[in-house]
Amino acid sequence: MLNDLESLPTAAGRTVKQGKRKFSRITFWRYVQREPDLGVRIGGRHFMWRACREALNQGQTLAEAAEIGRRCHARLS
């Protein structure tokens, strides 16, 4: 299950648009602050669900990605 999580720098490094990073680590941090369902906080570090990162990279809205994150959280329960 933890393989479904990526640290914010890793997630940012895996988003690309025409050879450049599409999102920065800070952007993802702001997204996680705004929509906590996008990831989890473990030991003071933020991690993002891989499915959420892929959804954002494909152009889905933050709300749609947060819904995917809620389903990922539900799998843990």
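Throughout what follows, the structure given in this document is the object of discussion. (Residues numbered from 1 in each chain as written. Predicted model: local features only at pLDDT ≥ 70, side-chain atom pairs only at ≥ 80, totals over all residues. Heavy atoms only, no water.)

**Remarks on the pattern of salt bridges**
Operational definition: A pairing counts as a salt bridge when a side-chain nitrogen of Lys or Arg comes within 4 Å of a carboxyl oxygen of Asp or Glu. Under the DSSP-based scheme used, a helix requires at least four consecutive residues in state H or I and a strand at least two consecutive residues in state E, with every element numbered from the N terminus.
The tally for this structure, following the rule as stated, stands at seven salt bridges. Among the salt bridges present, the one from Arg 70 reaches Asp 37, with a minimum N-O distance of 2.7 Å. You can see Arg 70 sitting in helix α4 (residues 62–76) and its partner Asp 37 sitting in the loop between α2 (25–34) and β4 (39–42), a full 33 residues away along the chain. Measuring nitrogen to oxygen at the nearest pair gives 4.0 Å for the salt bridge that ties Glu 67 to Arg 71.

**Some thoughts on the pairing of strand β5 (residues 45–49)**
Put simply, the test is: Only protein chains enter the accessibility calculation, which uses a 1.4 Å probe; a residue is then buried when its area is under 20% of its type maximum, exposed when over 50%, and partly exposed in between. Strands are labelled as partners when DSSP assigns at least two bridges between them.
The buried fraction of β5 is high, at four of five residues. Sheet analysis places strand β1 (residues 5–7) next to β5, joined by three bridges and oriented antiparallel. Bridged to Ser 7 within β5 is Phe 47. For β4 and β5, the ladder comprises four bridges, and the chain directions are antiparallel. Bridge pairing in β5 places Val 40 opposite Phe 47. Linking β4 back to β5 in an antiparallel pair, the connection comprises two residues, with Gly 43 at a positive phi of about 60°.

**Concerning the environment of Val 16**
As a reminder of what qualifies: We call two residues in contact when some of their heavy atoms are within 4.5 Å.
Relative to the helices and strands, Val 16 resides in strand β2 (residues 16–17). Val 16 has contacts with Lys 22 and Asn 57, leaving out every residue within four places of it along the chain.

**Topic: the packing of aromatic side chains**
Keep this limit in mind: Only centres within 6.5 Å qualify two rings of Phe, Tyr or Trp (six-membered ring in Trp) as a pair; their planes then separate them into stacked at under 30 degrees, edge-to-face at over 60, and tilted for everything else.
Applying the stated criterion to the full structure yields three aromatic pairs. With a centroid separation of 5.2 Å and 35° between ring planes, the pair formed by Phe 23 and Phe 28 is classed as tilted. For Phe 23, a relative accessible area of 12% puts it in the buried group. The interplanar angle of 65° and the centroid separation of 6.4 Å between the aromatic rings of Phe 28 and Tyr 31 together place this pair among those described as edge-to-face. Of the two residues, Phe 28 and Tyr 31 both sit in helix α2, three residues apart, roughly one turn of that helix. By way of ring pairs, the aromatic residues Phe 23, Phe 28 and Tyr 31 are connected into one cluster.

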